Amino acid sequence: MAAAASVTGAVTWAPPPMRSGAGRRLSLPGPRPEAAPALVDRSLSDHGNGLGRGARGRGGSGGGLVADRGGGAAAAAVAVALAPALSAMQRGGSEREPAAGREAAAEQGRADAGASGEPERTAREEQAKAPASAPAQPRAAEEGDARVLPRPLPALPGASPQPAPARGLWPHGKPRSKGRGCKRSSGRGLDEFPALRPVTVDSSKARTSLDALKISIRQLKWKEFPLGRRLPCDIYWHGVSFHDNDIFSGQVNKFPGMTEMVRKITLSRAVRIMQNLFPEEYSFYPRSWILPDEFQLFAAQVRMVKDGDPSWKPTFIVKPDGGCQGDGIYLIKDPSDIRLTGTLQRRPAVVQEYICKPLLIDKLKFDIRLYVLLKSLDPLEIYIARDGLSRFCTEPYQEPTPKNLHHIFMHLTNYSLNIHSRNFVHSDSASTGSKRTFSSILCRLSSKGVDIKKVWSDIISLVIKTVIALTPELKVFYQSDIPAGRPGPTCFQILGFDILLMKNLKPILLEVNANPSMRIEHEQELSPGVFEYVPSLVDEEVKVAVIRDTLRLMDPLKKKRENQSQQRENPLAGKDGPPGSDLAMAPGGHLNPEAHLPSICLKQVFPKYAQQFNYLRLVDRMANLFIRFLGIKGTTKLGPTGFRTFIRNCKLSSSSLSMAAVDILYIDITRRWNSMTLDQRDSGMCLQAFIEAFFYLAQRKFKMLPLHEQVASLIDLCEYHLSLLDEKRLVYGRGGRAGSQEASGTSQEASPAAPPAEGQLASCTGKLSHPKQALS
């Protein structure tokens, strides 16, 4: 009795079952007694009276204290005796306790729903859906989940159970407004605007970018799954390529085919196509030759220039196709210096003109690593980080001579090479050391009177033009891995652009990296051969901002969050709502969850400046024609039947170009390109071979125009005939034969009776040289 009187937890009493004979239960006639409150101290251990098991075993939902065989009658007597006093105590606290309990349960439910990636429900919706007596069923725990099951609420002493409000009604009986979730009408309390679940990120394949990614996720208050997850995540962060994991939904930070596209040979070929069309606009990329295929061409051109100008003493740089971090790069003065034996046959390379007059700071050569976000391929969206890194050589620069060609610390700016120099300087300052921020370089140039806006404008132009050169083949890879109409993720990617400023401040593109290093620490040699990683404040300042703001731009819940904030800030008047509907502010008074973050460091440059660069997208339009006639989903090469269909549908055959000549053209070009391609798995015409055939057809049909106008005219002609074909198919599909005759007569009146003439085609492409405006 003393123990029963000292307890503090409130529960209700249920009559113990009466037994007769060998444990047989007896049914007592008449009504059940009133449920009397009893107090239980949950901290007490169970000493055989059954109180602990009773309070914990039944979950406290709708039932009461179930006494065991021993002390049931005594506990019941104490409970009945204490009932009046407990009723008086309950009247003072019953109005506060239920609200607090329900609010705590609702918050715990939201946390559980957010951790599992499920949509949240309000406390009222859960109460309306689930029966009061049904115990909560916890779901299976997942890797990466840190969750606590909600503790069941005890029954309120002295209060009769209230039925749950009918679906569609507020607790006071008024009808709910129509709609669901955050789209309901205004005039709600805070519990009617549940917090959206956190964005989930799978970081199991992040590799070297993991540390910066973890910091970014922590700053955004998102949910990370470092070991993966059985349920789909919103964002998947891969360290190497699109194929690091099999993904069928969400967003992934790699494009299929990007690694292949930015290899040195493929990038050089893509830029060369644009240089043939627009030589002035693409002069930012050094003249290049592909080895060993073009070695004879390279040697002949160098010899021809030297014969015309004996004073010309060039320097060339040889870069292996699949090399990275400065591996295998060397300088030469003559084509005969190329190492043709051995590795070149197995490892193709690119040889380029070496930039002999770079801009120097502190007598040191340096390059710029800028981070570019390709947010979307179709439509094209490009962002550039406002800050980057400047990597310095560790020996004073001198123009190349036969004596210093092998001084890699003088000529090569690769961080992975210079870090092994005894002159390398680690610094936590953004404006000193062998690695600095690009913004510190701009400040220094600005102090010397350099027009920084002009420098940025030229860099932005370089980035946009390079991405325009890469996107046509990226589209082919994308439709191969994620065909239209099939489930698959959306893609985005951070690219690393390596840019060199010449002495006259003209930017030169060195290369593009599909997997730029996102490490935020550097190696420090403790003793000979013993290294440790120490944090790099310069790397962290730049790279964490790039990753964090990339995630902010790709946030899949951003629109929902903005809509919810707008509804809180601008509630509609005249709508009925529950009590407390005047509380429209979020807890803490912050409607914007990103209010604590700095402004986004990524600046959109396309489509912002699309009008100045759309005339360059001729190859992109050719890629659309190529993809249309591929025929089989998932392939990247055009077969002979598809090429013949392209010629026939676009009406390109004539008396001077028979279909037999078309077949010969296909065979010749395809055979030559397949011999230059390392990937021999699929036979057929690749996109670059199709572009070469397209150039040939354009030059035959429009002989008196420059190449870019010839190509633009042929594209217009093809698109014109294909639009007529599509219109005819649409008419036949809609109305049958009778309706199609009537519709075709209407369409003939509305559309031109004949394809435009050559002059009209050339003029409809617009002026292909647009006035250059400063890009800031």
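Summarised in this report is the structure supplied together with it. (Residues numbered from 1 in each chain as written. Predicted model: local features only at pLDDT ≥ 70, side-chain atom pairs only at ≥ 80, totals over all residues. Heavy atoms only, no water.)

The next subject is the sheet that holds strand S18 (residues 490-491). Pairing is parallel in the open sheet, where five strands are placed in the order S6-S5-S7-S8-S18. Either end of the sheet is taken by a strand with one partner, and the two such strands are strand S6 (223-225) and S18. Alignment of strand S7 (residues 235-238) against strand S8 (residues 251-252), held across two bridges, turns out to be parallel. Looking across to S8, one finds that Tyr-236 is bridged to Val-252. Running over the sheet, helix H7 (residues 210-220) touches strand S5 (200-205), S6 and S7 and is turned about 150° from S6. (Pairing = 2+ DSSP bridges. Helix = DSSP H or I, 4+ residues; strand = E, 2+ residues; numbered from the N terminus. Contact = heavy atoms within 4.5 Å. Axes fitted to C-alpha atoms, helices over the stretch in contact; angles between N-to-C directions.)

Another point: the nonpolar core. In terms of nonpolar packing, the biggest core is built from 108 residues, with Phe-497, Phe-643, Phe-646 and Phe-694 touching the most fellow members. For this core, the element with the most residues is helix H15 (residues 452-481), which contributes 14 residues. The residues contacting Phe-646, other than those within four sequence positions of it, are Phe-629, Leu-652, Phe-690, Phe-694, Leu-697 and Cys-718. Residues Ala-212, Ile-235, Ile-520 and Val-538 belong to the second largest nonpolar core, which totals 33 residues. (Core = buried A, V, L, I, M, F, W, Y, C linked by side-chain atoms within 4.5 Å. Buried < 20%, exposed > 50% of the residue type's maximum accessible area, 1.4 Å probe, protein only.)

The next subject is the pairing of strand S15 (residues 381-385). When you tally the buried positions in S15, you get five out of five residues, the bulk of the element. Alternating positions in S15 separate into two faces, Glu-381, Tyr-383 and Ala-385 on one and Ile-382 and Ile-384 on the other, with burial throughout. Both strand S14 (residues 364-376) and S15 contribute to a ladder of four bridges, which runs antiparallel. Bridge pairing in S15 links Val-372 to Ile-384. Between S14 and S15, which pair antiparallel and follow one another directly, the connecting turn spans four residues. In this sheet, strand S23 (residues 602-606) lies alongside S15 in antiparallel orientation, the contact comprising four bridges. Bridging from a neighbouring strand, Ala-385 pairs with Leu-602 of S23.

As for its placement among the helices and strands, Thr-394 is situated in the loop between strand S16 (389-392) and helix H12 (408-411). Overall, Thr-394 belongs to the buried group, its relative accessible area being 6%. In terms of polar contacts, Thr-394 uses its side chain to reach the side chain of Ser-421, at 3.1 Å. Leaving out residues up to four positions away in the same chain, Thr-394 has contacts with Leu-364, Phe-409, Asn-418, Ser-421, Asn-423, Phe-424 and Ser-434. (Polar contact = N/O pair within 3.5 Å; in protein donor to acceptor, adjacent residues only side chain to side chain.)

Let us look at unusual backbone geometry. Negative phi characterises most residues that are not glycine, and trans characterises most peptide bonds. That bond from Asp-378 to Pro-379 is cis: its omega, 5°, falls within 30 degrees of zero. The topology assignment puts Pro-379 in the loop between S14 and S15. Looking along the chain, the bond that leaves Phe-606 and enters Pro-607 is cis, with omega of 15°. For Lys-221, which is not glycine, the phi dihedral falls at a positive 60°. As for its placement among the helices and strands, Lys-221 is situated in the loop between H7 and S6. One non-glycine residue, Asp-362, lies in positive phi territory at about 55°. Looking at where Asp-362 falls in the secondary structure, it is placed in the loop between strand S13 (360-361) and S14.

Where burial is concerned, most of strand S10 (residues 316-320) is hidden: five out of the five residues are buried. Burial along S10 is two-sided: Phe-316, Val-318 and Pro-320 and Ile-317 and Lys-319, pointing in opposite directions, are all buried. For S10 and strand S11 (residues 330-332), the ladder comprises three bridges, and the chain directions are antiparallel. Note that in S11 the partner of Phe-316 across the bridge is Ile-332. Where S10 and strand S12 (residues 349-353) come together, five bridges link them in antiparallel fashion. Across the sheet, Lys-319 pairs through a bridge with Val-350, a residue of S12.

All right, on to helix H16 (residues 537-553) then. Each α-helix turn comprises 3.6 residues. Residues three or four places apart therefore point the same way. Taking 1.5 Å per residue, 17 residues should reach 24 Å; H16 reaches 24 Å between its end C-alpha atoms and fits that length. Counting buried positions over the 17 residues of H16 gives 14, a clear majority of the element. (Expected span 1.5 Å × (residues − 1).)

Strand pairing in a sheet relies on backbone hydrogen bonds. The paired strands run either parallel or antiparallel. One open sheet holds the four strands; their spatial order is S9-S12-S10-S11, and the pairing between them is antiparallel. Each of the sheet's edge strands pairs with one partner strand only, and the pair in question is strand S9 (288-291) and S11. Between one strand axis and the next, the sheet turns by 30° as a mean value, whatever way the strands run. Strands in contact with helix H9 (residues 264-277) are S9, S10 and S12; relative to S9, the strand with the most contacts, it is inclined by about 135°.

Turning next to the pattern of salt bridges. Pairing of side chains with opposite charge becomes possible as their charged atoms draw close. The full count for this structure, using the stated rule, is 27 salt bridges. With a shortest N-O distance of 2.9 Å, Arg-391 and Asp-367 are connected by a salt bridge. Linking Arg-391 in strand S16 with Asp-367 in strand S14, this pair joins segments that are 24 residues apart in sequence. Judged by its relative accessible area of 10%, Arg-391 is buried. (Salt bridge = Lys/Arg side-chain N within 4 Å of Asp/Glu carboxyl O.)

The next point concerns the environment of Ala-610. Tracing the sequence through the fold places Ala-610 in helix H18 (residues 610-613). Judged by relative accessible area, which is 11%, Ala-610 ranks as buried. Placed 146 residues apart in sequence, Ala-610 and Ile-464 show a C-alpha to C-alpha distance of 9.2 Å.

With that settled, consider the side chain of Lys-435. The topology assignment puts Lys-435 in strand S17 (residues 435-437). For Lys-435, a relative accessible area of 11% corresponds to the buried category. Here the side chain of Lys-435 touches Asp-539 through a polar contact of 3.1 Å, side chain to side chain. Excluding its chain neighbours within four sequence positions, the residues that come into contact with Lys-435 are Leu-389, Ser-390, Tyr-415, Val-538 and Asp-539.

Enumeration according to the criterion identifies 18 aromatic pairs in this entry. Where Tyr-415 meets Phe-424, the ring centres are 5.7 Å apart and the plane angle is 70°; that geometry is what we call edge-to-face. Aromatic side chains Phe-629 and Phe-646 sit 5.7 Å apart centroid to centroid with 70° between the ring planes, which places their arrangement in the edge-to-face category. Within this pair, whereas Phe-629 is found in the loop between helix H19 (618-628) and helix H20 (640-649), its partner Phe-646 is found in helix H20, the two being separated by 17 residues in sequence. On the accessibility criterion, Phe-646 (0% relative accessible area) is buried. Taken together through their ring pairs, the aromatic side chains of Phe-626, Phe-629, Phe-643, Phe-646, Tyr-666, Phe-690 and Phe-694 make up a single cluster. Positioned above the aromatic ring of Phe-225 is the side chain of Lys-223, whose terminal nitrogen or guanidinium carbon lies 5.9 Å from the ring centre. Seen from the ring of Tyr-415, Lys-435 lies directly overhead, with NZ or CZ sitting 3.7 Å from the centre. (Phe/Tyr/Trp six-rings, centres within 6.5 Å; stacked < 30°, edge-to-face > 60°. Lys NZ or Arg CZ within 6 Å of the ring centre and 35° of its normal.)

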